[in-house]
Amino acid sequence: MESEDNLVKDPVCGMQVKPGDNAVDYQDMPFAFCSLQCRERFLANPHLYIGYPGQKAPKQEGRTVFKHRRLHLAETLSPDEAALISEALADMMGIKKLMV
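Description of the structure in this document.

Rules behind the numbers
- Residues numbered from 1 in each chain as written.
- Predicted model: local features only at pLDDT ≥ 70, side-chain atom pairs only at ≥ 80, totals over all residues.
- Heavy atoms only, no water.
- Helix = DSSP H or I, 4+ residues; strand = E, 2+ residues; numbered from the N terminus.
- Buried < 20%, exposed > 50% of the residue type's maximum accessible area, 1.4 Å probe, protein only.
- Contact = heavy atoms within 4.5 Å.
- Polar contact = N/O pair within 3.5 Å; in protein donor to acceptor, adjacent residues only side chain to side chain.

It is worth spelling out the environment of lysine 56 at this point. Turning to its location among the elements, lysine 56 is positioned in the loop between α2 (47–50) and α3 (79–90). Since its relative accessible area comes to 56%, lysine 56 is described here as exposed. Beyond its immediate stretch of four places on either side in the chain, lysine 56 contacts Gly51 and Glu61.

Mapped onto the secondary structure, aspartate 10 falls in the loop between β1 (8–9) and β2 (16–17). Polar contacts involving the side chain of aspartate 10 include one to the main-chain amide nitrogen of valine 12, which spans 2.7 Å. Among the polar contacts made by the side chain of aspartate 10, one reaches the main-chain amide nitrogen of cysteine 13 at a distance of 3.3 Å. Residues within four places of aspartate 10 in sequence aside, it is in contact with Met15, Val17, Ala32, Phe33, Cys34 and Cys38.

Such coordinate-based values are descriptive only and should not be taken to indicate function.
Structure representation (structure tokens):
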């Protein structure tokens, strides 16, 4: 097991990870992530996690930034299909609320 002294904080979810895990250099700074999902979230919107020069990120200030997504389907789902999809989405990391 890795010593806590050798771990770094994933800027997206806050987990402690090894410095080389899913690593990326951004603006000449190294970052490590617990998963590819956290890495992709960071790379899509790094300012949400590390801010802009001279300005803290919302996460650093303790604020939560909510993103709203809508799924547009070609066909109406059956109640069983809707329940399966709702359950799968609710189990995903970062999902806070579902409206069906």
